[in-house]
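# Descriptive structure summary
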Amino acid sequence: MKAVVFLEPNRLVIEDRPVPEIGECDALVKVHACGVCGTDLHIFAGEHIVKFPVVPGHEFSGEIAAVGDRVTNLHVGDRVTIDPNIVCGTCRFCARGEIHLCENLTAVGVNYDGGFAEYCRVPAAQAYKVPDSVSLDEAAFAEPLACCIHGIDRARVRPGSHVVVLGAGSVGLLMVQLARSAGARVIVSEPDERKRRLAAQLGAAVQIDPQTHDVRAEVFQITDVGADVVIESAGRAQTAELAPKLARRGGTILQFGVVSPHEMVQISPYDVFYRELTIVGSFVNPFTHARAVEMLASKQVQVMPLVTHRFGLDEAAKALETASGRDAIKVQIVSG
């Protein structure tokens, strides 16, 4: 089979490898589509904990090609999406139900070879069947959507609230739709005009160009007191530093975007104290993958308008380059 292999930071090759052998509790997935995530870019740049060499890719869908002897919930031909995050189930955090904070957390596409390949071996428990109403292209969005659902849960977005989304990339546009579905009025800050237009189509009531407007002044003019919730989805130090300044007294800031671990921002502890701000993080997708599949099936969230580029496995280098640029929203690598 063909596979994209990250040999070391900033170096990849396309290899011809044997189809993975599976264990008795595994499933072999014939990969159809795999999204290129910001985490993949961080891995490629050497900014994320990973053991090289590795086949990346954790946002993928496909069909079951084989199952292990002890697998009863899946059958050859089943259409599936994969939750890549594998927990131990026995550490102190798993015992508390905080599985995403597992002390022994591993992931397909990070610790194990992932979806940038024609076939991928996964634990059968990580595969979720996809209903007929969901295409495999759509199903490749289940993992990022599940992460966004967890973020919305963490931010406690409520009907009637004002929500500011900083950045209208693929994650920001998923957040727009989820916040709108929760009954919020959504304000988006995004420098790219095309992305602002798409945000409007997907439910953002207000779109601000931060290159030509003072985002804080605009938000306070609209809300009088500031936003109830500010979602940082751009993954940039500048927007992470801006986010608390947009919140109302008692507001919540959700740090969702993956800012480089080498970046630092300035936040006033007194401001957090005096305005009683709540700053929360959101990490992966605990118990939300099934909800994501259900939202895709019910069409509560539109994902295909987010796909701007598609590449084959042989074009992986170009796919990564495109995904790191401002023109792309969601890049998919297609092998099926």
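Description of the structure in this document. (Residues numbered from 1 in each chain as written. Predicted model: local features only at pLDDT ≥ 70, side-chain atom pairs only at ≥ 80, totals over all residues. Heavy atoms only, no water.)

### Concerning unusual backbone geometry
The peptide bond linking F52 to P53 adopts the cis configuration, its omega dihedral lying at 0 degrees. Its location among the elements puts P53 in the loop between α1 (38-44) and β4 (59-67). Even without glycine at this site, N10 takes up a positive phi of about 65 degrees. Note on N10: relative accessible area 56%, which makes it exposed. For E276, which is not glycine, the phi torsion reads 45 degrees and is therefore positive. Mapping E276 onto the fold places it in the loop between α9 (269-274) and β15 (278-281). (Helix = DSSP H or I, 4+ residues; strand = E, 2+ residues; numbered from the N terminus. Buried < 20%, exposed > 50% of the residue type's maximum accessible area, 1.4 Å probe, protein only.)

### Points about a nonpolar patch on the surface
Judged by side-chain polarity, V265, I267 and I279 come together as a nonpolar surface patch covering roughly 220 Å² of accessible area. In this fold, V265 is placed in the loop between β14 (247-255) and α9. (Patch = residues over 30% accessible without salt bridge, like charges linked within 9 Å, V, L, I, M, F, W, Y side chains within 5 Å. Areas by Shrake-Rupley, 256 points an atom, 1.4 Å probe, with all protein chains shown as cover. Salt bridge = Lys/Arg side-chain N within 4 Å of Asp/Glu carboxyl O.)

### Overview of the sheet that holds β14
In space, the six strands of this open sheet follow the order β12-β11-β10-β13-β14-β15, with parallel pairing throughout. Where the open sheet ends on each side, the last strands, each with one partner, are β12 (206-208) and β15. For this sheet, the mean inter-axis angle between neighbouring strands, taken without regard to orientation, is 20 degrees. In the sheet, strand β10 (residues 162-166) pairs with strand β13 (residues 227-232) via four bridges, with the strands oriented parallel. From the neighbouring strand, V164 faces β13, where its bridge partner is V230. (Pairing = 2+ DSSP bridges. Axes fitted to C-alpha atoms, helices over the stretch in contact; angles between N-to-C directions.)

### Digging into helix α7 (residues 215-223)
Of all the residues in α7, the buried ones are V215, V219, F220 and T223. Across the axial projection of α7, the buried residues extend over an arc of 125 degrees, all falling on one side. Check the buried side of α7 and you find it contacts β10, β11 (185-189), β12, β13, α8 (237-246) and β14. Just downstream of α7 lies D224, where phi reads positive at about 75 degrees. (Arc of directions from axis to C-beta. Contact = heavy atoms within 4.5 Å.)

### Here we look at the packing of helix α4 (residues 142-155) against helix α10 (residues 289-298)
Running from N to C, α4 and α10 point in directions that differ by 110 degrees, and their axes come no closer than 8 Å. One way to sum up the angle between α4 and α10 is to call them roughly perpendicular. Contact residues: A142, E143, L145, A146, I149 and D153 in α4; H289, R291, A292, V293, M295 and L296 in α10. Residue composition of the contact of α4 with α10, by class: eight nonpolar, one polar and three charged. (Parallel < 35°, antiparallel > 145°, perpendicular 65-115°, else oblique. Nonpolar A, V, L, I, M, F, W, Y, C, P; charged D, E, K, R; others polar.)

### Thoughts on the packing of aromatic side chains
Here the structure, examined in full by the defined rule, presents three aromatic pairs. On the basis of an interplanar angle of 45 degrees and a centroid distance of 4.8 Å, the ring pair of F6 and F44 is categorised as tilted. Taken as a pair, F6 in strand β1 (residues 2-8) and F44 in helix α1 lie far apart in primary sequence, 38 residues in all. There is no split in this pair, since F6 and F44 are both buried. Aromatic ring contacts, followed pair by pair, group Y270, F273 and Y274 into a single cluster. Taking NZ or CZ as reference, R216 lies 4.4 Å from the ring centre of F220, over its face. Residue placement shows R249 over the ring face of Y274; its charged tip is 4.9 Å from the ring centre. (Phe/Tyr/Trp six-rings, centres within 6.5 Å; stacked < 30°, edge-to-face > 60°. Lys NZ or Arg CZ within 6 Å of the ring centre and 35° of its normal.)

### Quick word on α4
With 14 residues, α4 ought to run about 20 Å at 1.5 Å a step, and its terminal C-alpha atoms sit 20 Å apart, in line with that. Those residues of α4 not exposed but buried are A142, E143, P144, L145, A146, C147, C148, I149, H150, G151, I152 and A155. Directly beyond the C-terminal end of α4, a positive phi value near 55 degrees is found at R156. (Expected span 1.5 Å × (residues − 1).)

### Things to note about the pairing of β11
Burial runs high along β11: four of the five residues are buried. Examined bridge by bridge, β10 and β11 share five bridges and lie parallel to one another. Paired with V164 across the bridge in β11 is I187. Considered for its hand, the β-α-β crossover made up of β10, helix α5 (residues 170-181) and β11 is right-handed. Bridge count for β11 against β12 is three bridges, and the pairing is parallel. Residue S189 lies in a different strand from β12, and its bridge partner there is I208. (Right-handed = clockwise from strand over helix to strand, strands pointing away.)

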